[in-house]
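Analysis of the macromolecular model
If you want the building blocks of each chain, they are given just below.
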Amino acid sequence: MRTSYLPVMYRALLSLALVCGLAWPADAPVGFSTRPQANAFLAMPGTAVDANLGGSAITTQIAYPNLHFQGAVAMVQAPRSQRFFVCEREGKLWSFNRTNAATSDADKVLVLDLSAQCQGWDDCGLLGIAFHPEFGDPASPNRNYVYLYYEYSPNPVVGTANDGEHRPNSSTQAWNRLSRFTIPDGSLQADPLSEQVLIHQYDRHLWHSGSGMFFHPQDHFLYLTNGDEGGVGDQFHNSQRIAKGLFSGVLRLDVDYTAGSTRSHAIPRQPLDDDPNHSSFTAHYGIPNDNPFVGLPGALEEFYAVGLRSPHRMTFDAASQTIWVGEIGQGSREEINQIVKGGNYQWGYQEGRIPFGSNAPPANYVTADATGSQAGATTVTMTQGTGTFQPGDLVRFATLPGVYTVDGSSGFPVTSLTFHPGLLLGAGTVLASGSAVVKTSGYASTGAIATANGLTTIPIGAGPVSAPLAAGQAVVFNGVSGTFTITTLTGSPITAITVTPALGVSVATGTPVDFRTVIGIERPPLIDFTRSQLTAIIGGYI
C-alpha cells in the first residue's frame, strides 16, 4: 500500500511521530491522490497490528535521535524557512534546523517562554501554533507574525504527577487565549512583549480545550478548534449554543481585517460570561462575510462549524481540499469528522453515531409560557414549562416576529427570562398569557406562505442567515405539531422546500421554520470507532 492511500486515521496518528523521534520517507506525497471508500466504522482489527501496519511499505526511523522535548504537543515548519517549531505543553516554544539530523539539545533555540502565564496539564497548555502565510516574505507587513493558542493563567498551577495529589485540579480557572506574537527580522526568538490578544475567554475546566489551527491555503483565514469547555456529559451546556461563548466548534477568523474590507466585517458582539468577575473579550480580527451564521441575531459569528466535544487535532488535506478533525469521545466512541461550512456534529445529543446517554434532541421547541410583559420590557414572567433556558440561548415568541437572545434567567424551574432586544410591542400591548416561548436555532424567520391541506411545498422568504438547508433534515413549523423531513430544495438561494409527510394545516406567512434538533447542517462522523479498536492499533490511548 502506498503512503498516498494511507487511511486518514493512520496518517493522523503518524503525524505525531516526528515529534516523538520518527519520520517517514521525505518524498511521501501530501494527502490522498484519490479518495478511498471508508467503511462506516472503519472495520478496525480486534488485535494489535505489526509495526509496519500490516506489511505495507511504510517504515519508521529515528529522525532526530539527539533531540528531546517535554510534553511536545504540536510541531510545524515555518514558511520560507528550514526551521521546525515545537510547542511544549507547559508553555515553551522551541525551534531547530530540520536539515541537520545530528541536531542536539544544545542546538535548540528557545523561541518563547510562556510558562509563567500558561496553565499546562491535561488538555490544556500551549496547544496550537500557526504561522501567518506571509511569514518570512520580506515584502509583507505580516512577515514576522506567529499565532499561538494556549491556556492563560496569571498564576499557573504546576503539576508533578498524574495523580490527585500532584495534579492540578481540573476545575482550575484559566482562559482560552489566542494571541499573535512577533519574531523580529533576523531573530530566532519572539518578542515576549509583542503579544496581541485576539481571544481571551474564561474557561471553567482544564479539559477539552481544542487546539487544532491552520491558515486555509485558499481563503487565508485562520481556522481554530475549541471544545465544550470540559467536564463530562457536556456539563456546561455549550455544545449546541452559538450565542454565549466560543466553545464546542470550529472558528474562522480574518486576522488581516481592516476597516473597509469587502471580505469581512467588524466583530458584532462579545462572548457572554457566567461570572462578571472573569471577563472575556475578542479583538483584532474580522468576521468573514460568508461565515455560516452571519446575520443570525445574537449569534457569535465566528463559528464555522459546531457540535464538537474535544476536537484535539485539525488538518487541511491539500489533495482533496477538505478539513479533517480528530474528535475525542466521552467514553464509547471516537470520531474523525470531515468539517463542512455550517456543519453540526451533534455533541451532546450523539457520541459518534449513537445517542449519548439519556440526552436527546427536544421533541419540540415549546418549553414554557410567557404570562405578560409591558411594552418595551425585557423581562418576561414564565409559568411552569417543559425545558430550561440559559444565557446565550436563542428564543422566539410564537406570536411575535424576530429572534431574541437570553441574557439571564431566574428560578429553577425558570420563573423569568431577561433577553435582548426588548419586546417591540405597541403602546399598551402586553404579551398574552399562554404565549409560547420557543427555544430555537434562530435559523430563519422565513415567511412560509399559506398552503392548502395536503400540499408539501412551502415557499421560503429571506431569512437572517444564508440557509444551509439540505435534503433529509428534520424541521418544525412553529404552531404546527409534528416533525417534517425536507425532501427537495428549490432555487439558489432557496425559494421553496418540499417536506414529508404532507402538512395537515395551513401555515401562515411569517411562520418560522427551524431545525428540530440542532443549529446548522446535521453531520454524522465520517468514521467512528470504539476505544478498544483504537487501542488495537496504537497499544494505548492518546
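What you see is a predicted model, and the numbers here were worked out from it, not measured in a lab.

1. Let's talk about the sheet that holds strand S15 (residues 281-282)
Read across the sheet, five strands follow the order S7-S8-S9-S10-S15 without closing on themselves; strand pairing throughout is antiparallel. Two strands bound the open sheet, and with one partner strand each, they are strand S7 (126-131) and S15. Pairing of strand S9 (residues 174-182) with strand S10 (residues 191-203), which is carried by eight bridges, proceeds in the antiparallel orientation. Within S10, the position partnered with Arg 177 by the bridge is His 200.

2. Considerations on the sheet that holds strand S19 (residues 322-327)
The sheet built from four strands is open, its strands ordered S18-S19-S20-S36 with antiparallel pairing. The strands lining the two open edges of the sheet, one partner per strand, are strand S18 (311-317) and strand S36 (527-530). Ignoring strand direction, the axes of neighbouring strands in this sheet form an average angle of 15°. Looking at chain direction, S18 and S19 are connected through six bridges and run antiparallel. By the bridge assignment for S19, Pro 311 is matched with Glu 327.

3. A few points about the packing of aromatic side chains
Within the structure shown, the criterion is met by 12 aromatic pairs. A network of ring pairs unites the aromatic residues Tyr 64, Phe 69, Phe 84 and Phe 96 as a single cluster. In this structure, Arg 89 packs its charged tip against the face of Trp 121, placed 4.8 Å from the ring centre. The ring of Tyr 152 is capped by Arg 177, whose NZ or CZ atom sits 3.9 Å from the centre of that ring.

4. Some points on the confidence of the model for the protein
Overall, the prediction assigns the protein a mean pLDDT of 76, with 64% of residues at 70 or greater. Contacts for the low-pLDDT stretch residues 443-450, under 50 throughout, to residues beyond four places or in other chains number 44 contacts. Contacts of residues 462-467 to residues separated by more than four positions or lying in other chains number 20 contacts, the stretch itself having pLDDT below 50.

5. A few points about the environment of Pro 355
For Pro 355, the location among the structural elements is in strand S23 (residues 354-355). Since its relative accessible area comes to 59%, Pro 355 is described here as exposed. Contact partners of Pro 355, with chain neighbours within four places excluded, come to Tyr 349 and Gln 350.

6. Topic: the pairing of S7
Within S7, six of the six residues are buried, which leaves it mostly tucked inside the rest of the structure. Bridge count for S7 against strand S8 (residues 145-152) is five bridges, and the pairing is antiparallel. Each bridged residue has a counterpart across the sheet, and for Ile 129 the counterpart in S8 is Leu 148.

7. Thoughts on the nonpolar core
Among the nonpolar cores identified, the biggest contains 50 residues, and Leu 93, Ile 129, Leu 148 and Leu 178 are the most heavily contacted of them. Examining the composition of this core, we find that seven residues originate from one element, S8, more than from any other. In this structure, Ile 129 is in contact with Ala 74, Val 76, Phe 85, Cys 87, Leu 93, Val 146, Tyr 147, Leu 148 and Met 213, ignoring residues within four places of it in sequence. With 13 residues, the next largest nonpolar core counts Phe 221, Leu 308, Ile 323 and Tyr 345 among its residues.

8. What about the side chain of Arg 269?
Mapped onto the elements of the fold, Arg 269 is located in the loop between strand S14 (264-265) and S15. Every residue in contact with Arg 269, bar those within four places of it in the chain, is listed here: Ala 243, Lys 244, Gly 298, Ala 299 and Leu 300.

9. Some details on unusual backbone geometry
Following Trp 347, the chain continues to Gly 348 via a peptide bond in cis, the omega torsion being -5°. Considering the arrangement of structural elements, one finds Gly 348 in the loop between strand S21 (343-344) and strand S22 (350-351). Even without a glycine there, the phi angle at Trp 121 is positive, about 115°. As for its placement among the helices and strands, Trp 121 is situated in the loop between strand S6 (109-113) and S7. A relative accessible area of 11% places Trp 121 in the buried class. Here Ser 248, not a glycine, exhibits a phi torsion of approximately 65°, which is positive. Its location among the elements puts Ser 248 in the loop between strand S12 (222-226) and strand S13 (249-253). Of the residues examined, Ser 248 reaches a relative accessible area of 0% and is grouped as buried.

Calculation criteria
- Residues numbered from 1 in each chain as written.
- Predicted model: local features only at pLDDT ≥ 70, side-chain atom pairs only at ≥ 80, totals over all residues.
- Heavy atoms only, no water.
- Pairing = 2+ DSSP bridges.
- Helix = DSSP H or I, 4+ residues; strand = E, 2+ residues; numbered from the N terminus.
- Axes fitted to C-alpha atoms, helices over the stretch in contact; angles between N-to-C directions.
- Phe/Tyr/Trp six-rings, centres within 6.5 Å; stacked < 30°, edge-to-face > 60°.
- Lys NZ or Arg CZ within 6 Å of the ring centre and 35° of its normal.
- pLDDT = per-residue confidence, 0-100.
- Contact = heavy atoms within 4.5 Å.
- Buried < 20%, exposed > 50% of the residue type's maximum accessible area, 1.4 Å probe, protein only.
- Core = buried A, V, L, I, M, F, W, Y, C linked by side-chain atoms within 4.5 Å.

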